[in-house]
Amino acid sequence: MHTLLILNPGHFHSALVLRERHPSLSDDIFVYSEPGPDLDRFLEIVESFNNRRVNPTCWKLNVYRGNDCLEKLIDEKKGDIAVLAGRNDTKMENIDTLNRAGLAILADKPWVTTQAALPFLRSTMASDRPLAADIMTERYEIATLLQKEFLAEENVFGRIRIEADAGPSIFKECVHHLYKIVNAKPLIRPIWYFDIDVQGEGIVDTTIHLVDMTQWMLFPGYPIEYDKDIELIEARRWATAVPLDKFAKITGTHQFAHTVREYVKNDILNYFCNGELIYHIRGIPVHLREIWHLDEPPGGGDTHRSLVKGTRSDLMIRQLPEQGFKPELLIVPGEENVSRVEKAVQDCLQRWSDRYPGLSVTPEKNALLIKIPDNLRTTHEQHFYRVRDAFLEYLDTGNEPVEHRACTIAKYTLLAEAREKALVSPFEMLR
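Nothing here was measured: the structure is a model prediction, and the numbers come from that model.

All right, on to the nonpolar core then. Counting residues in hydrophobic clusters, the biggest one holds 79 residues, and the most contacted among them are Trp111, Phe150, Tyr279, Val345 and Ile370. It is helix 13 (residues 404-423) that provides the largest number of residues to this core, a total of eight residues. When neighbours within four sequence positions are excluded, tryptophan 111 is seen to be in contact with Asn88, Lys91, Met92, Ile95, Ala117, Leu121, Met125, Ala132, Ala133, Asp134, Thr408 and Tyr412. Ranked by size, the runner-up nonpolar core spans 28 residues in total, among them Leu16, Phe49, Phe384 and Phe391.

Encoded structure:
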């Protein structure tokens, strides 16, 4: 039986880890936090899970409030797994401290916001240390899972196609929204979320999902090493303009914090939450982009667009308004491969019928659309406890992925280096 210790739950992701129960988890949760609205919001969300009508949880929250919460957690050590999701400027150092104390770590991204955190990362990832893992939810999105599955099928995808013009073989873009609905309620973000010295810039934050998915899809089981396998080519960062009235709506406060004043002009905050980079991973050109808007479109939410180019087919993920923004996977065969690829796709769906029941394929112009039934779709909120469950399985079986530690170092090092490059690069959307 495992017991969770939650440190300073400043981000709602810390509560989403508790969205569902698990037979290996004690109902007792020990929370160590500085007092304030961040803690209050966390407790409110967890209590909503306990009080819901359908499949309620029964967490028993034991809360310690104090500015010495890190020291108190280590001193009492009432559990074996520490969960962190909050301020990012001290997160990696805290992870290393807790890990040195013998605790397994499950922590929200980003772990690294500047190069200064990299020594703590390398320390935590040492082979003799307890398991520490970041919460990579996008691996549990069904369209992404199927893109990875088809990429491994040579009769469908072929091999990675390298363009003669040095264009990207992989392009991924995510669009996020600062004001959004989570767990059926408007999300209130803490004031510090808009301080890039605390939260981190967009290029080191949400971009980590895109880097992680690229490594995970292309090189399963292979330990990527930054110095040997990755070459950073270009990086950019730019701001989203956040007017004071919108800032008030998002945070519940009516003035900008003094820590962000240098980025405020005419009551508009220039928030550097957008990032873009081009790099090569084992010789494969990759182009990644993260964009943040103020508001979600009507009926929509965060979106992911992905293209992986193959010698037989391209694999494309899209989200269209007319389809309710549901992620869809398309396979786009080369003209000479259409009939062979279609047969190979049908063979895959039949072979995977136990694992992915209900999948089908339908032609759409020059592509094959993989029809994904609703029973295979899960929400972003559900992905958090799935990450948690996989983490618990790694702990219980001792079957940590062989590539986990090296790949974790590689992806965070890449983005720390990209941030440094972006700070001295003039803004220009990469093509």
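Attention now goes to unusual backbone geometry. That bond from lysine 109 to proline 110 is cis: its omega, -10°, falls within 30 degrees of zero. Relative to the assigned elements, proline 110 resides in the loop between strand 5 (104-107) and helix 5 (118-124). Residues other than glycine seldom take positive phi values, yet asparagine 266 does so here, at roughly 55°. Its place among the elements puts asparagine 266 in the loop between strand 11 (264-265) and strand 12 (268-281). Among the residues examined, asparagine 266 registers a relative accessible area of 68% and is labelled exposed.

Time to look at the pairing of strand 14 (residues 303-308). Taken together, the six bridges between strand 7 (residues 170-179) and strand 14 define a ladder with antiparallel strand orientation. Note on strand 14: the bridge partner recorded for phenylalanine 171 is leucine 307. With three bridges joining them, strand 14 and strand 15 (residues 313-319) adopt antiparallel strand pairing. Opposite serine 306, over in strand 15, you have isoleucine 317 as the bridge partner. Where strand 14 folds back onto strand 15 in an antiparallel hairpin, the turn is made up of four residues.

It is worth spelling out the sheet that holds strand 2 (residues 28-33) at this point. Strand order in the open sheet made by the six strands is 3-2-1-4-5-6, with parallel pairing throughout. In the strand order of this sheet, the two ends are held by strand 3 (60-65) and strand 6 (132-134), each with one partner. Between one strand axis and the next, the sheet turns through 20° on average, direction left out of account. Inspection of the sheet shows strand 1 (residues 4-7) paired to strand 2 by three bridges, in the parallel sense. Each bridged residue has a counterpart across the sheet, and for leucine 7 the counterpart in strand 2 is tyrosine 32. Where helix 2 (residues 37-51) meets the sheet, its contacts fall on strand 1, strand 2 and strand 3, and the angle it forms with strand 3 comes to roughly 175°.

As a further point, take the environment of isoleucine 317. Residue position: isoleucine 317 is located in strand 15. A residue is classified by how much of its surface remains accessible, and isoleucine 317, at 1% relative accessible area, is buried. Apart from residues no more than four positions distant in its own chain, isoleucine 317 is found in contact with Ala143, Thr144, Gln147, His304, Arg305, Ser306, Glu328 and Leu329.

Before going further, it helps to spend a moment on the pairing of strand 18 (residues 367-371). Consecutive side chains along a regular strand alternate between the two faces of the sheet. Burial runs high along strand 18: four of the five residues are buried. The pairing of strand 16 (residues 327-333) with strand 18 spans three bridges and is antiparallel. By the bridge assignment for strand 18, isoleucine 331 is matched with leucine 368. Of the pairings in the sheet, the one linking strand 17 (residues 360-364) to strand 18 comprises five bridges and is antiparallel in character. Bridging from a neighbouring strand, glutamate 364 pairs with alanine 367 of strand 18. Between strand 17 and the antiparallel strand that follows it, strand 18, lie two residues; lysine 365 among them carries a positive phi value of about 55°.

The buried fraction of helix 6 (residues 142-151) is high, at eight of 10 residues. Among all positions in helix 6, only Ile142, Ala143, Thr144, Leu146, Gln147, Glu149, Phe150 and Leu151 are buried. The N-cap of helix 6, judged by a side-chain oxygen 3.2 Å from the amide nitrogen of alanine 143 a few residues on, is glutamate 141.

A few words now on the side chain of arginine 419. The residue arginine 419 is located in helix 13 in this model. Owing to a relative accessible area of 14%, arginine 419 belongs among the buried residues under this scheme. Not counting residues within four places of it along the chain, the set of residues in contact with arginine 419 comprises Thr113, Thr114, Glu201, Ile203 and Val204.

All told, the structure shown has 11 aromatic pairs when counted by the stated rule. Plain terms: the ring middles of tyrosine 193 and phenylalanine 194 are 5.4 Å apart, the flat faces sit at 80° to each other, and that makes the pair edge-to-face. Judged on exposure class, the residue tyrosine 193 and its partner phenylalanine 194 are both buried. Here phenylalanine 194 and tyrosine 271 contribute two aromatic rings whose centre-to-centre distance is 4.9 Å and whose plane-to-plane angle is 50°, an arrangement assigned as tilted. Here tyrosine 271 lies in strand 12 and phenylalanine 194 lies in the loop between strand 9 (185-186) and helix 8 (207-218), a separation of 77 residues in the sequence. Tyrosine 271 carries the same exposure label as phenylalanine 194, and that label is buried. Counting every residue linked through ring pairs, the aromatic cluster contains Tyr193, Phe194, Phe247, Phe256 and Tyr271. In this arrangement the basic side chain of arginine 237 is found over the ring face of phenylalanine 272, its NZ or CZ atom lying 3.8 Å from the centre.

Definitions and limits used
- Residues numbered from 1 in each chain as written.
- Predicted model: local features only at pLDDT ≥ 70, side-chain atom pairs only at ≥ 80, totals over all residues.
- Heavy atoms only, no water.
- Core = buried A, V, L, I, M, F, W, Y, C linked by side-chain atoms within 4.5 Å.
- Buried < 20%, exposed > 50% of the residue type's maximum accessible area, 1.4 Å probe, protein only.
- Helix = DSSP H or I, 4+ residues; strand = E, 2+ residues; numbered from the N terminus.
- Contact = heavy atoms within 4.5 Å.
- Pairing = 2+ DSSP bridges.
- Axes fitted to C-alpha atoms, helices over the stretch in contact; angles between N-to-C directions.
- Polar contact = N/O pair within 3.5 Å; in protein donor to acceptor, adjacent residues only side chain to side chain.
- Phe/Tyr/Trp six-rings, centres within 6.5 Å; stacked < 30°, edge-to-face > 60°.
- Lys NZ or Arg CZ within 6 Å of the ring centre and 35° of its normal.

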